[in-house]
Amino acid sequence: MGGQIAQAIASSDVPVVVKDVKQDFVDHAIEEVRNVTSGQLAGLVKKEKLTQEQADARLEEVMGLVTGTVTYEEFGDVDFVIEAVPEKMEIKQAVFAELDAVTPGHAILSSNTSSLSISEIGEATLRPDKVVGFHFFYPASVMPLVEVINGEETSIETTQVSYNFAQAIGKQPIVCEEVPGFVVNRILNSAVGEIWRAQEEQGLSIQKIDEGVGAANVAPMGPFVLVDLLGLDTVFHVAEHLNESYGDSFYVHQGMKKLVSEGKLGAKSGGDGFYKDGEPQLEGDGDPDPEALADLFTAKALIEACLLLEEGVASVRDIDVGMMAGAGLDPRRGLFPPFWKADIEGLDVSLERIERLHEEHGERFTPPVTLKRLVAQGRLGMKSGQGFYPYPQPDEGDQPEKVNLETRGEVAIAWLVNPPMNAISPQVIEDLRTVWDRVKADDSIGAMVIASSIPLVFSAGADIKAFTQMDPESGAGLIDGGHELLKEFGSDRVVTIAAVNALAFGGGCELAMACDFRIAADSAVFGQPEIKLGIIPGFGGTQRLPRLVGGPRALEMNLVGDPISSIEAFEYGLVNRVVPDQELFDVALNWGRKLAGQAPLAVEQVKQVSFSGGDPDQGIEDEKQGFAKVFLSEDGTEGISAFLGKRSPRWKGR
C-alpha cells in the first residue's frame with residue numbers, strides 16, 4: 001500500500017520520501033512505484049497518446065521524484081506525512097510520536113488507517129490539531145477515493161489542506177468524522193453483511209450469489225469475488241471491528257474467518273480464497289433469490305447511510321460520493337449510491353421496502369428517522385421534485401436546453417442543466433439570459449433561485465474548450481453579454497439567490513458571487529482555480545470577491561487557487577448561510593419567498609446604491625437620491641399607509 005500511495009503522489013509531480021524499517025521493504029515499495037507507473041504509461045503508448053520514448057522519459061521523471069530511506073533524515077522539510085503501517089494502535093502511536101519529533105511544526109501527520117481512532121493516534125503527538133485520517137482504497141494507484149477523517153482535535157485548516165492535497169494528487173476526497181468504519185467501509189460492510197448472513201444461514205452457492213447480485217445491478221461485482229480481490233484478511237479484520245463496535249447489525253462471515261485462519265486470503269495468496277481456479281471453496285449449493293438479496297443490500301445501505309447522516313458523520317453528498325468513488329457505484333453504469341438511488345426509486349418505495357424487511361428480520365432494519373420524515377413531508381425524491389436532493393420540474397412550454405425555468409408562485413428557479421459538471425459554456429450563458437429575461441418580464445416574480453439539476457455539482461467552472469473555439473469577435477460579444485447579465489443579477493429589482501449544493505469553481509463561483517445571496521450546503525466547496533491554468537478570473541472574480549471577503553482574502557483565493565469549504569466560505573463572508581445538504585433547496589426557496597414579498601422598487605434601489613463605488617461621499621449621495629425616489633413613489637406611500645393602518649402592503653413596483 002505504501003508503494004501504491006507513493007506512486008499516486010509522484011505521478012502527480014510531487015516529491016515523495018518512502019520510509020520503512022528495512023531496506024528490502026523500501027526497495028519493494030519503490031519497485032511497486034516503477035511497476036505501476038510502467039503499466040500506466042504502457043497503456044498510454046498502446047492508445048497512441050504517448051510514444052515509447054516519451055513514456056520512458058516520463059517513467060524516469062516520476063522515479064526521480066521518489067526517495068527511499070530507512071531513517072528520518074529526509075523528514076526535516078516535509079509538509080505532509082502519510083503513515084501506512086499495520087493496523088495496530090500501539091504501532092501507530094509509536095510511529096506518530098517519532099514523526100512528531102522529526103518533522104517541522106507545520107507538517108500535517110495523516111494516517112491511512114481503515115478503522116482506528118484518529119483522536120487516539122493524535123494523542124501520541126504534541127500537535128493533535130494537525131493529525132488527520134487520510135484513507136486510500138486499494139489499489140491506491142487506481143481507486144479515486146480518499147476519506148479525510150477528522151479527529152476530535154483536528155483543525156478546520158488541517159482538514160482543508162488535506163482535502164486540497166488529495167485533489168492535487170488526482171483523488172476524490174470526502175470529509176467525515178471518526179466513527180468505526182468511517183463512511184464507505186461502514187455502509188459496504190453493513191450491506192454486504194446481509195448477503196453473507198443469507199449465504200450461511202440458507203446454505204447458498206457463493207458463485208450463484210455473485211452471478212445474481214452482479215445481474216441485479218446493485219454493485220459492480222459479486223460480494224465474494226470482491227473480497228477475493230481486496231484480501232480476505234483485510235475485509236475480515238474490518239468486519240470484526242465493526243461487529244465489535246455496532247453489534248449484530250454487522251455480520252462476520254464464519255466461512256471467511258476459517259479461510260483466513262488457513263492463510264487463504266484471495267488474490268494476495270495466489271488466488272486462493274473464496275475461489276480457487278474459479279471454483280468455490282465454501283459449502284453451499286442452494287439457489288439464491290437475486291431480487292431478495294438485492295433488496296437486502298439496497299435497504300441496509302440506505303439505512304446505514306441515513307444513520308451516518310443523522311449522527312453528523314458526513315453530508316449527503318460526501319456519503320454518496322464516497323460510495324461512488326470507493327465502492328464503484330457509478331451512475332454511468334446504472335449503479336447509484338444510496339441517497340441518489342432512493343430518490344430515483346422514490347423514498348416512499350424505499351421506506352416500504354425497509355418496513356417490510358423490518359417485519360421479517362427485526363431491529364437491524366429499523367426505518368431511519370430521516371427517511372420517515374421526508375416521506376411524511378411529501379418529499380419523495382425525483383417524482384416530487386425533492387428528496388435527499390432537489391430535482392427540476394420545469395414549466396410547460398419551450399425551455400432553453402442548458403437552463404430550465406421553473407416558477408413557484410413569486411419565486412423562479414433557474415436550473416443549470418449541463419451535465420456532467422454544469423460547465424459555464426456559451427450556450428449556458430445564452431440560455432441563462434433567456435430565462436432571466438422571462439423572469440424580469442413577469443411582474444409577479446420577485447426572486448430567482450439559481451440551482452443545480454445535478455446532485456453532486458453546482459458548476460465546476462467555465463467550459464474553456466468551448467470558449468477557445470469561438471472567433472474573437474463572437475467571443476468578445478459573449479463575454480460582454482455575460483458580464484452584463486451578471487451585473488443585472490446584482491442591480492435588478494428581482495432578488496437573486498444561488499443555492500450552492502457542491503463544487504462551485506471558477507465561473508461557477510463567479511456566477512454565485514454575482515447573485516445577491518448565496519446559500520451553501522455543508523458539501524459546498526468554492527474556489528477560483530484559474531491561476532493554475534495560467535489565466536485569471538474572467539467573470540468578475542477579481543471584483544466581486546474582494547467586495548465580499550475583503551482584499552487580502554480575495555487575493556489569496558485568486559493567487560493560490562485552492563478551494564475552501566462551506567464553513568470557511570461562511571467565515572470569510574462569501575456565503576450568507578450554511579445548511580445541511582438535504583435542506584438547501586428548501587432554505588433557498590424560503591429566502592426567495594420572503595424576499596419576493598419586499599417592495600420591488602425599494603429592493604432595486606437598495607441593490608443599486610449599496611455598492612456604488614469606493615467613495616463614501618458618492619455613496620451617500622446615491623443613497624439620498626435613491627431614498628427620495630422610493631419615498632415619493634406609489635410603493636413608498638403604500639408602505640407607510642399600510643404601516644399606519646396596521647395592514648399588509650400591496651406593492652405595485654411604481
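Structure's up top.
What comes next concerns the included structure. Note that this is a predicted model, so its numbers are computed, not measured.

A few words now on helix α2 (residues 23-46). With 24 residues, α2 should cover 34 Å at 1.5 Å per step; its first-to-last C-alpha distance of 34 Å lies within 8% of that length. Among all positions of α2, only Val26, Ala29, Val33, Val36, Thr37 and Leu41 are buried. The inward-facing, buried residues of α2 contact α1 (2-10), β1 (16-19), α3 (52-63) and β2 (66-69). Within two residues after α2, Glu48 carries a phi angle of roughly 65 degrees, on the positive side.

With that settled, consider the environment of Phe297. For Phe297, the position within the fold is in helix α12 (residues 290-310). By relative accessible area, which is 6% here, Phe297 ends up buried. Taking the C-alpha atoms as reference points, Phe297 and Pro337, separated by 40 residues in sequence, lie 12 Å from one another. Setting aside anything within four residues of it in sequence, one finds Phe297 in contact with Leu188, Ala191, Val192, Ile195, Val218 and Ala219.

The next thing to look at is the environment of Asp27. Along the chain, the position of Asp27 falls in helix α2. Overall, Asp27 belongs to the partly exposed group, its relative accessible area being 39%. In this structure the C-alpha to C-alpha distance between Asp27 and Leu329, which are 302 residues apart in sequence, comes to 35 Å.

Time to look at unusual backbone geometry. The omega torsion of the bond from Tyr138 to Pro139 falls at -5 degrees, within 30 degrees of zero and hence cis. Here the residue pair Pro419 and Pro420 is connected by a cis peptide bond, since its omega of 5 degrees sits within 30 degrees of zero. Along the chain, Pro420 falls in the loop between β11 (411-416) and α17 (426-441). Positive phi, normally seen in glycine, also occurs at Lys646, with a value near 55 degrees. Mapped onto the fold, Lys646 is located in the segment after α27 (634-644).

Attention shifts here to the sheet that holds strand β10 (residues 403-408). Pairing within the open sheet is mixed, and its six strands lie in the order β10-β11-β12-β14-β16-β19. Of all the strands in the sheet, the pair left with one neighbour each is β10 and β19 (577-579). The mean angle between the axes of side-by-side strands here comes to 20 degrees, regardless of whether they run parallel or antiparallel. Both strand β14 (residues 495-500) and strand β16 (residues 517-521) contribute to a ladder of four bridges, which runs parallel. By the bridge assignment for β16, Val500 is matched with Ala520. Contacts from α17 reach β10, β11, β12 (447-452) and β14 within the one sheet, and its direction differs from that of β10 by about 20 degrees. The strands that helix α20 (residues 507-514) touches are β11, β12, β14 and β16; relative to β14, the one it contacts most, it runs at about 140 degrees.

The next point concerns the pairing of β11. Where burial is concerned, most of β11 is hidden: six out of the six residues are buried. Alternating positions in β11 separate into two faces, Val411, Ile413 and Trp415 on one and Ala412, Ala414 and Leu416 on the other, with burial throughout. Examined bridge by bridge, β11 and β12 share six bridges and lie parallel to one another. In the strand pairing of β12, Ala412 is matched with Met448.

The next point concerns the side chain of Glu406. Position of Glu406 among the secondary structure elements: in strand β10. For Glu406, a relative accessible area of 3% corresponds to the buried category. A distance of 3.0 Å separates a polar atom in the side chain of Glu406 from the backbone nitrogen of Gln393. Beyond its immediate sequence surroundings of up to four residues, Glu406 is in contact with Pro392, Gln393, Pro394, Asp395, Val411, Ala412, Ile413 and Trp415.

Taken together, the side chains of Met221, Val225 and Leu229 make up a nonpolar region of the molecular surface, amounting to roughly 220 Å² of accessible area. Position of Met221 among the secondary structure elements: in the loop between α8 (206-216) and α9 (223-230).

Enumeration over the complete set of coordinates arrives at 35 salt bridges. Note that Glu360 and Arg356 form a salt bridge whose closest N and O atoms lie 3.7 Å from each other. Remark: Arg356 and Glu360 occur in helix α15 (residues 347-361); sequence separation between them is four residues, near one turn of the helix. One network of salt bridges, with partners in common, ties together Asp295, Lys341, Glu345, Arg353, Arg356 and Glu360.

A word on the pairing of β16. A large share of β16 lies buried, amounting to four of its five residues. As defined by bridge partners, β16 adjoins β19 across three bridges and the pair is classed as parallel. For Ala520, the partnering residue across the bridge sits in β19 and is Val578.

What counts and how
- Position numbers for residues start from 1 in each chain and track the written sequence from start to end.
- Selection of residues for local features in this predicted model requires a pLDDT of at least 70, selection of side-chain atom pairs for listing and counting requires 80 or more, and totals for whole chains, interfaces and linings are taken over all residues.
- Excluded from the side-chain calculation are hydrogens and water; included are all heavy atoms of the structure.
- Numbering goes from the N terminus for both helices and strands, where a helix is a DSSP run of H or I of at least four residues and a strand is a run of E of at least two.
- The span you would expect from a helix comes to 1.5 Å times its residue count less one.
- Each residue is assigned to one of three classes by its accessible area relative to the maximum for its type, calculated with a 1.4 Å probe on protein chains only: buried under 20%, partly exposed between the two thresholds, exposed over 50%.
- Contact definition: two residues touch when any of their heavy atoms are within 4.5 Å.
- Two strands qualify as a pair provided that DSSP identifies no fewer than 2 bridges between them.
- Interaxial angle, 0 to 180 degrees, is taken between N-to-C directions of lines fitted to C-alpha atoms, where a helix line uses only the stretch in contact.
- Counting of polar contacts relies on pairs of N or O atoms within 3.5 Å, with two restrictions inside protein: one atom must be capable of donating a hydrogen and the other of accepting it, and residues adjacent in sequence are counted only when both atoms are side-chain atoms.
- A patch consists of residues whose relative accessible area exceeds 30% and which take part in no salt bridge; residues with like charges are grouped when within 9 Å of each other, and nonpolar side chains (Val, Leu, Ile, Met, Phe, Trp, Tyr) when within 5 Å.
- Accessible areas in this description were obtained via Shrake-Rupley with a 1.4 Å probe; residue shielding takes into account the shown protein chains only.
- Criterion for a salt bridge: a side-chain nitrogen of Lys or Arg within 4 Å of a carboxyl oxygen of Asp or Glu.

Remember, this is a structural readout, not a statement about activity or role.
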